[in-house]
Amino acid sequence: MYEIIEAIVRRAGGIILGAKHIDESVQEKSSHCDLVTKYDGMVQEYLREALLTAFPEAGFYGEEEEVHDIAGKSAYFIVDPIDGTMNFVRHAKHSCISVGLMKDGRMEYGAVYQPYTDEMFTAQRGRGAFLNGSRLKMRDVPLSESIAMFGSAIYYRDTIPATARLMQETLPLILDFRRSGSAALDICYVAAGRADVFFEACIRPWDYAAASLIAQEAGGVVSALDGTPLRYIDRCSVAVGSPSNYPELIRIAQRILQEPDMKGRIK
Ligand code: 2AM
Ligand code: CA
């Protein structure tokens, strides 16, 4: 039933691959490290039109212009047209399209597509996670055997001390860090066993909606960094891990949150 979403997302990937003169259409959003190009808008518009034609009853919650048409809808799409816009602007070829389908308050389906590598990560609730049709199974290792991916939440300056503390506390325990610039791909990489754990102190739902289901369906555990359930409205911290390393990560985050000047610095 959801193959149609996958086909739409794959077609949208063509817009990213065909992008020309990206540098000429770059604009700043909230700050000079938060960018948008005309292609972000084009991909979102294509997705909105195509997804709502296929699913006319559904609502739409998208990053660009913060389109927020979900009132009274039992099902709606949560969409990031280009996750990893800074990478896109720098021609780093590490960005993706992220489309999640929320149904009755739970993530029902997710597709994260990396057009440059033609990698399609998908998951449907209760039916497993897949990469280009092959089933994904997360590695289940303790922090001592984990590669940690993280996002720096640089757009929320008040979170910087907490991110620094998280890095300080985890680095001596893990194998190493990776920082890619696309939260959705980071989480899918954890789902695929390319890394083992992910955290970010504050991101928006379109960055993690689809990927959080992909990670769960690959055998992972996802939540906010204080251990409470992920919130799919507005903004939230994100922790992703396996049954072995997730509790260790949450214990570290909870300890940091109790430090006197850390209150409110992890969302
Ligand atoms: P983006 O490329 O869609 O903007 C990197 O830490 C992650 O943060 C990326 O997934 C990036 O998504 C996201 N990001 C960038 N600007 C953001 C903002 N203002 N709020 C939340 N997340 C943001
Ligand atoms: Ca984006």
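The rules behind the values
Residues numbered from 1 in each chain as written. Chains lettered and ligands numbered in written order. Predicted model: local features only at pLDDT ≥ 70, side-chain atom pairs only at ≥ 80, totals over all residues. Heavy atoms only, no water. Domains from an automatic or database assignment. Contact = heavy atoms within 4.5 Å. Buried area = accessible area lost by both parts, 1.4 Å probe. Salt bridge = Lys/Arg side-chain N within 4 Å of Asp/Glu carboxyl O. Polar contact = N/O pair within 3.5 Å; in protein donor to acceptor, adjacent residues only side chain to side chain. Helix = DSSP H or I, 4+ residues; strand = E, 2+ residues; numbered from the N terminus. Pairing = 2+ DSSP bridges. Axes fitted to C-alpha atoms, helices over the stretch in contact; angles between N-to-C directions. Parallel < 35°, antiparallel > 145°, perpendicular 65-115°, else oblique. Left-handed = near helix turned anticlockwise from the far one by under 90°. Nonpolar A, V, L, I, M, F, W, Y, C, P; charged D, E, K, R; others polar. Near = heavy atom within 4 Å. Areas by Shrake-Rupley, 256 points an atom, 1.4 Å probe, with all protein chains shown as cover. Phe/Tyr/Trp six-rings, centres within 6.5 Å; stacked < 30°, edge-to-face > 60°. Buried < 20%, exposed > 50% of the residue type's maximum accessible area, 1.4 Å probe, protein only.

S.K.: Tell me what's going on with the domain arrangement of the chain, and back it up with residues and numbers.
M.R.: Segmenting the chain into domains produces domain 1 (2-135) and domain 2 (143-262). The C-alpha-based centres of domain 1 and domain 2 are spaced at 21 Å. Between domain 1 and domain 2, the contact holds 42 residues from the first and 28 residues from the second. Of all residues in domain 1, Tyr61, His94 and Phe121 bury the most surface against domain 2, accounting for 22% of the area lost on that side. Across the domain 1-domain 2 interface, the total number found is two salt bridges. The salt bridge involving Arg194 is made with Glu119; its shortest N-O contact spans 2.5 Å. Our count for the domain 1 to domain 2 interface comes out at 11 residue pairs in polar contact (both at pLDDT 80 or more). Within the residue set of the side of domain 1 that touches domain 2, elements represented by two or more residues are β3 (59-62), β5 (75-83), β6 (96-103), β7 (106-114), β8 (119-124) and β9 (129-131).

S.K.: Could you give an account of the sheet that holds β5, naming the residues involved and the relevant values?
M.R.: Strand order in the open sheet made by the eight strands is β4-β3-β5-β6-β7-β8-β9-β10, with mixed pairing throughout. Only two strands of the sheet have a single neighbouring strand rather than two, namely β4 (68-69) and β10 (134-135). Relative to β9, β8 runs antiparallel, the two sharing three bridges. Of the residues in β9, the one forming a bridge with Ala123 is Ala129. Contacts from helix α2 (residues 38-54) reach β3, β5 and β6, with the element oriented near 155° to β5. Here helix α6 (residues 205-217) sits on the sheet in contact with β3, β5, β6, β7, β8 and β9, set at roughly 100° to β7.

S.K.: Could you give me a rundown of the packing of helix α1 (residues 3-17) against α2, with the residues and numbers involved?
M.R.: At a minimum axis separation of 10 Å, α1 and α2 run at an interaxial angle of 160°. By the criterion of interaxial angle, the relationship of α1 to α2 is roughly antiparallel. Handedness of the crossing formed by α1 with α2: right-handed. Across the interface between the two elements, Ile4, Ile5, Ile8, Val9, Arg11, Ala12, Ile15 and Ile16 from α1 touch Tyr39, Met42, Val43, Tyr46, Leu47, Ala50, Leu51 and Ala54 from α2. Partitioned by chemical class, the residues of the contact of α1 with α2 number 15 nonpolar, no polar and one charged.

S.K.: Account for the site of ligand 1, with residues named and values stated.
M.R.: Taken together, 17 residues form the shell around ligand 1, and within it Asp83, Gly84, Thr85, Tyr155 and Tyr156 come nearest. In this structure, Tyr156 approaches ligand 1 through a side-chain N or O atom, which is 2.8 Å from a nitrogen atom. When ligand 1 is considered free in solution it has 480 Å² of accessible area, and contact with the protein chains removes 94% of it. Within the residue set of the shell around ligand 1, elements represented by two or more residues are β5 and β13 (197-203). It is β5 that contributes the most residues to the shell around ligand 1, three residues altogether. For the shell around ligand 1, the per-class residue count stands at five nonpolar, four polar and eight charged. Looking at the shell around ligand 1, you find at least three residues from each of domain 1 (2-135) and domain 2 (143-262).

S.K.: An account of the packing of aromatic side chains is needed here, citing residue identities and associated values.
M.R.: Each aromatic ring pair is specified by the distance between its two centres and by the angle formed by the two planes. The final tally for this structure, using the stated rule, is nine aromatic pairs. For the ring pair Tyr39 and Phe88, a centre distance of 6.0 Å and an interplane angle of 80° mean the geometry is edge-to-face. Separated by 49 residues along the polypeptide, Tyr39 in helix α2 and Phe88 in helix α3 (residues 85-89) bring together distant segments of the chain. Ring centres of Phe55 and Phe77 lie 5.6 Å apart, and the angle between their planes is 70°; on these two criteria the pair is classed as edge-to-face. Note that Phe55 is positioned in the loop between α2 and β3 and Phe77 in strand β5, a separation of 22 residues in sequence. Pair check on accessibility: Phe55 and Phe77 agree, each one buried.

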